[in-house]
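Structural description and commentary
The lines below spell out each chain.
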Amino acid sequence: MNTNLNITNSEYDELISKKAKKSPIVKNIIIAFIVGGLICCLGQFISNQLVNMGVEKEQAATFTSITLIFIGAFLTAVNLYSRIGKVAGAGSTIPITGFSNSVVAPAIEFKSEGYVLGIGANMFKVAGPVLVYGITTSVILGFVYYVFNYIF
Amino acid sequence: MDILLEYGKVFLTGGIICTIGQILIDKTKITPARILTLFVTLGVILGFLGIYEPIYNFGKCGATVPISGFGYCLYKGTVKAITESGFIGVFTGGITATAGGIAAAVVFGFIASLVAKPTIK
Amino acid sequence: MKIGKQTYKINSKPCIFATSSIVGPKEMQGPLANYFELHINDVFFDEKTFEKAESKMLESCIRNLLVKTGTNEQDIDVIFSGDLLNQCISSGFAIRSFDTPFLGLYGACSTFVEGLVLSSMLIESGMFKQVIASASSHFCSAERQFRLPLEHGNQKSTTAQSTATASGAALVTNRSLSDNGIHITHVTPGKIIDLGVTDISNMGAAMAPAAFNTIAQHLTDTGRDINYYDAIITGDLGTHGSDMLAELFKKEGIDITQKHKDCGVLIYDENTQDVNCGGSGCGCIASVFSGYFFNELKAKNLNKILLVATGALMSPLSSSQGESIPSIAHAVAIENEV
C-alpha cells in the first residue's frame, strides 16, 4: 500500500472546497439584511424622538450612537449578543452595536487577568484596528482635503 | 405614509450595507475584525470621494449606524474642523466628532466587565 | 521491537488497566453522556477562571482513576499529560497536587495517544511499571486563546470544530502488576504532514492527511489489512475531516468508511448541538476513548482497535503570520487478549 500522499497541495485544496459544506449563504444574507436593517431603524427611531424633543440634530446623532452602544454593551453583558451574532452574522457585526460588542466582549473576558493588564490592555483587542485604520485614513484624507482646498 | 417611507429607506440602506458584509464573510475567509476595519476605512474613503454623502441623505441612520458611518463621521468631522480652525483640524476633527461613541464604548465596556461573566454560547 | 519503518511491536503487551473521564455540560447533552464517569454542570467548575476549571477537571479525572483502582499516587512512576494552553498550564497546575513525577507533553489534540505511545514504550523498556497517560481541554479556555472572546457575536465557519470540555486518563501497567486482557500491542508515532491548509477553521481537513499517513504506515509496517481491526478510531477529524480521510483512502482503492469512527463526530449530535463539524481538543479523544471505547473493549464488543489521535501543530501566532497547519497523527493498536 502506498503510504505517501498521492496528492499535491493544490489538488488537496480543490478537494477540500468540493467536499466542505457550503455556508447557507441565502439564509445568512436574508437574516443579516433584516437584523442590520432593524438596528438602523432603531437608531432612526431614537434619533427622531430626540429631534422631536428639541435636541439639536448633530447632538441627536451623537446621543443615538451612545444609546446604541449602550444597548450593544448591555446585550453583551447579559450574554445575548454572542447568540444574536451567531444567527445574524454581519447583520449584528457591522452596526455600531457590533463595534460596542467587540469592545465589551474582550473587556468582560480578560477581567480574569486583572484590571490593568486584563481589562485595560485587552479592551481594544478586536476593535483597536477599527480606530487605528479609521483615524489614520481620516487624517491622511483630511490632509489631502486641506492641501487641495487651502493651498492650491 | 412619509414616516413609513423614511423607515423603509433606513431599513434598505442599513440592510444592504450589512448584506455586503455578510457576502464577504461567506464568500471569502475575512474575519469579523477585518470586516469592521475594512468598512470603517471604506466609510472614510467614500466620504472623501463624496459618495457617502448621498447615501446618507437617502438612508439617514441606515448609513450612519453601520460602522462605515463611523468612518464617514470621522471624515466629516475632519473637514468641519479644518473649515473652522485650519490645519490643526486635520488631526483634531475626526476624534472630536466621534468622541461620544468612543468614550461610551470604553466606559460601558469597563462597567460591563465589572458586572458580567463570560459564558458558553 | 521496530517493525517496518515507523512501527514498534510492544512484546510485553502493557495493559490499559483502567480509565477515567470527565466532561462538561455540553458533552453531557451529547450521545455519549452515559459513558462518561464524571461531569461538571458549570463550565467554571466553582473556580474563578476557565483555566483553573480545566486544571481542576484534569485533577479530578486522575484522582478518580487512582481512587477507583485503589492505586497509591506514589506508586505511579510518571504521569504524562498535556493540553492546549500556552506552556501546558492546565496539566502543570493539575498535577502539582500529586506526589508523582510529571512529564508534560504537547501534541495538540494528539497528546493523549502520544502519552499512550510513550507509556507503552517505557513499560516495555522495563524502567516503568505503571504510568498514567492523560490530556484535557476546555471550550472556554481554548476559545479565548485561539479565537475571539466568548461574548463576541460572530458566525463560525461550516467546517469549524468545537473544542470539547473534557479530560481523560488511562492507567497503563506492566502485565506482571495487573492485567485485564486489554493490551497495547503496537505503536506508530507519526510524522508531521502539511498539505498547505491555512484555514484555522478547517483543522479536520488539515489533519486528515496526517491520519492517512500514519494509518497507512501502520498497516504497511505490520502487514495488516484494514479488516484486521474492528474499528479504526481517529480523534478529532470531525465530519469534514473524516470525509477527507475517506477520500484519501479511496484514492488508494480502500474503503475506510465501514471501519472508521471519529471521536469528534461521536461526542456531539451534529444536528442538534450546533457544533458545525464536531468536537476537537486534547480532551475529546481522551474522554471518548476512556469513557466509550474502553467500555466497548471491556465488554468485548470491540476486540481490536487502532486508536489514531491527530493534532494540528499551529498557534495563533503562526496563523497570523500566514503559516499553514503542520499536522500529526500517532497510532496505538489496542487488542483484547482472547
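Description of the structure in this document. Just so you know, these numbers come straight off a predicted model, no measurement behind them. Along each chain, residue indices are assigned from 1 in the same order as the chain's sequence is written. As a convention, the first chain written is A and the first ligand written is 1, with the rest following in written order. Note on the predicted model: pLDDT of at least 70 is required for a residue's local features to be given, and 80 or more for side-chain atom pairs to be given and counted; whole-chain, interface and lining totals, by contrast, use all residues. Where side-chain values are given, they derive from all heavy atoms of the structure, hydrogens and water being excluded.

Between helix α8 (residues 128-151) of chain A and helix α5 (residues 67-85) of chain B, the shortest axis-to-axis distance is 9 Å and the interhelical angle comes to 35 degrees. Two packed elements cross with a definite hand, and for α8(A) against α5(B) that hand is right-handed. Where α8(A) approaches α5(B), its residues A:Val130, A:Leu131, A:Gly134, A:Ile135, A:Ser138, A:Leu141, A:Gly142, A:Tyr145, A:Tyr146 and A:Tyr150 are matched on the opposing element by B:Ile67, B:Phe70, B:Leu74, B:Tyr75, B:Thr78, B:Val79, B:Ile82 and B:Thr83. The residue inventory of the contact of α8(A) with α5(B), partitioned by class, reads 13 nonpolar, five polar and no charged. Axis lines are fitted to C-alpha atoms, over the contacting stretch for helices. Their N-to-C directions set the angle, which ranges from 0 to 180 degrees. We count a stretch as a helix when DSSP gives it H or I for four or more residues in a row; a strand needs E for two or more, and each element gets its number in order from the N terminus. When the near helix sits turned anticlockwise from the far one by under a right angle, the crossing is termed left-handed; a clockwise turn instead gives a right-handed crossing. Working rule for contacts: check all heavy atoms of both residues, and any pair within 4.5 Å makes them a contact. Residue polarity follows a fixed list, in which Ala, Val, Leu, Ile, Met, Phe, Trp, Tyr, Cys and Pro are nonpolar, Asp, Glu, Lys and Arg are charged, and the others, Gly among them, are polar.

Once that is clear, we can look at the interface of chain B and chain A. Interfaces are often described in size by the accessible area the parts lose on coming together. Each side of the interface is counted separately: chain B has 67 residues, and chain A has 68 residues. Between chain B and chain A, roughly 5700 Å² of surface is buried when both sides are summed, and carbon and sulfur atoms account for 78% of that area. A carboxyl oxygen of Asp or Glu within 4 Å of a side-chain nitrogen of Lys or Arg is what we treat as a salt bridge. At the junction of chain B and chain A, the tally comes to one salt bridge. Among the salt bridges present, the one from B:Lys80 reaches A:Glu58, with a minimum N-O distance of 3.1 Å. As a working definition, buried area equals the accessible area (1.4 Å probe) given up by two parts on being put together, with both sides summed.

Turning to unusual backbone geometry, a few remarks are in order. Residues and elements named next belong to chain C. Here the residue pair Gly-235 and Asp-236 is connected by a cis peptide bond, since its omega of 0 degrees sits within 30 degrees of zero. Of note in the backbone geometry, Gln-87 takes a positive phi value of approximately 60 degrees without being a glycine. With respect to the helices and strands, the residue Gln-87 is situated in the loop between β5 (78-82) and α3 (89-95). At Asn-276, a position not held by glycine, the phi torsion is positive, near 55 degrees. With respect to the helices, strands and loops of the structure, Asn-276 is situated in the loop between α8 (263-266) and β13 (279-280). Under the scheme applied here, a residue whose accessible area is under 20% of the maximum for its type counts as buried, over 50% as exposed, and between as partly exposed, the area being computed with a 1.4 Å probe on protein chains only. Among the residues examined, Asn-276 registers a relative accessible area of 24% and is labelled partly exposed.

What follows is about the side chain of C:Ser290. Residue and element names in this part refer to chain C. Topologically, Ser-290 is positioned in helix α9 (residues 282-298). The buried category is assigned to Ser-290, whose relative accessible area is 4%. The contact partners of Ser-290, leaving out residues within four places of it in the chain, are Thr-19, Ser-20, Ser-21, Phe-112, Gly-168, Ala-169 and Ile-285.

All names here are of chain C. Only a pair of cysteine sulfur atoms within 2.5 Å qualifies as a disulfide here. A complete count under the given rule lists zero disulfides over all chains for this structure. No disulfide involves Cys-88; its nearest neighbouring cysteine sulfur is the one of Cys-282, lying 7.6 Å away. Between Cys-284, a free cysteine, and Cys-263, which holds the nearest cysteine sulfur, the sulfur-to-sulfur gap is 5.7 Å.

Across the boundary between the two partners, chain B contributes eight residues, which contact twelve residues of chain C. When the two sides are added together, the surface that chain B and chain C hide from each other amounts to roughly 1000 Å², 60% of it contributed by carbon and sulfur. Inspection of the region where chain B meets chain C yields zero salt bridges. What qualifies as a polar contact is a pair of N or O atoms within 3.5 Å, subject to a donor-acceptor requirement within protein and to the restriction that residues adjacent in sequence count only when both atoms come from side chains. At the boundary of chain B and chain C, one finds two residue pairs in polar contact (both at pLDDT 80 or more). Within the side of chain B that touches chain C, the residues separate by chemical class into three nonpolar, two polar and three charged.

Under the pairing criterion, centres of Phe, Tyr and Trp rings, with the six-membered ring standing for Trp, must be within 6.5 Å; the plane angle then separates stacked pairs below 30 degrees from edge-to-face pairs above 60, leaving the rest tilted. Counted according to the given criterion, the structure contains 18 aromatic pairs over all chains. On the basis of an interplanar angle of 85 degrees and a centroid distance of 5.1 Å, the ring pair of C:Tyr228 and C:Tyr229 is categorised as edge-to-face. Judged by its relative accessible area of 27%, C:Tyr228 is partly exposed. Looking at C:Tyr229, the relative accessible area reads 0%, which means it is buried. Here the aromatic rings of C:Tyr292 and C:Phe293 are separated by 4.8 Å at their centres, their planes lie at 65 degrees, and the arrangement is edge-to-face. Ring pairs connect the aromatic residues A:Phe143, A:Tyr146, A:Tyr150, B:Phe87 and B:Phe91, which therefore count as one cluster.

Here we come to the nonpolar core. Formed by 87 residues in total, the largest nonpolar core has its most connected members in A:Tyr12, C:Phe289 and C:Ile334. Tallying contributions element by element places helix α6 (residues 203-222) of chain C first for this core, with eleven residues. Delimitation of the domains relies on an automatic or database domain assignment. Taken together, domain 1 (2-173) and domain 2 (184-336) of chain C each give at least three residues to this core, which thus spans both. Among all residues touching C:Ile334, those that are not within four sequence positions of it are C:Ile16, C:Ile182, C:His183, C:Ile184, C:Phe289, C:Leu297, C:Asn303, C:Lys304, C:Ile305 and C:Leu307. Residues grouped as a nonpolar core are buried Ala, Val, Leu, Ile, Met, Phe, Trp, Tyr and Cys residues, joined through side-chain atoms within 4.5 Å. A:Ala88, B:Ile67, B:Ala105 and B:Phe108 belong to the second-largest nonpolar core, a separate cluster that totals 54 residues.

Time to look at the pattern of salt bridges. Taken as a whole and judged by the stated rule, the model has 15 salt bridges over all chains. A salt bridge links A:Lys86 to C:Asp274; the nearest nitrogen and oxygen atoms lie 2.8 Å apart. Of the two residues, A:Lys86 is situated in helix α4 (residues 81-88) and C:Asp274 in the loop between α8 and β13; the pairing between them involves two chains. Residue C:Asp274 is classed as partly exposed on the basis of its relative accessible area, which comes to 45%. For C:Arg144, the salt bridge identified is with C:Glu51, shortest N-O distance 3.3 Å. Remark: C:Glu51 occurs in helix α2 (residues 50-69) and C:Arg144 occurs in helix α5 (residues 139-146); sequence separation between them is 93 residues.

Taken together, the buried positions of helix α1 (residues 9-19) of chain A are A:Tyr12, A:Leu15 and A:Ile16. The arc that holds the buried residues of α1(A), viewed along the axis, is 100 degrees, so those residues lie on one side. With respect to the buried face of α1(A), the exposed residues turned more than 90 degrees away are A:Glu14 and A:Lys18. Against the buried residues of α1(A) lie α6 and α7 (238-251) of chain C. The reported arc concerns the directions from the helix axis to the C-beta atoms and nothing else.

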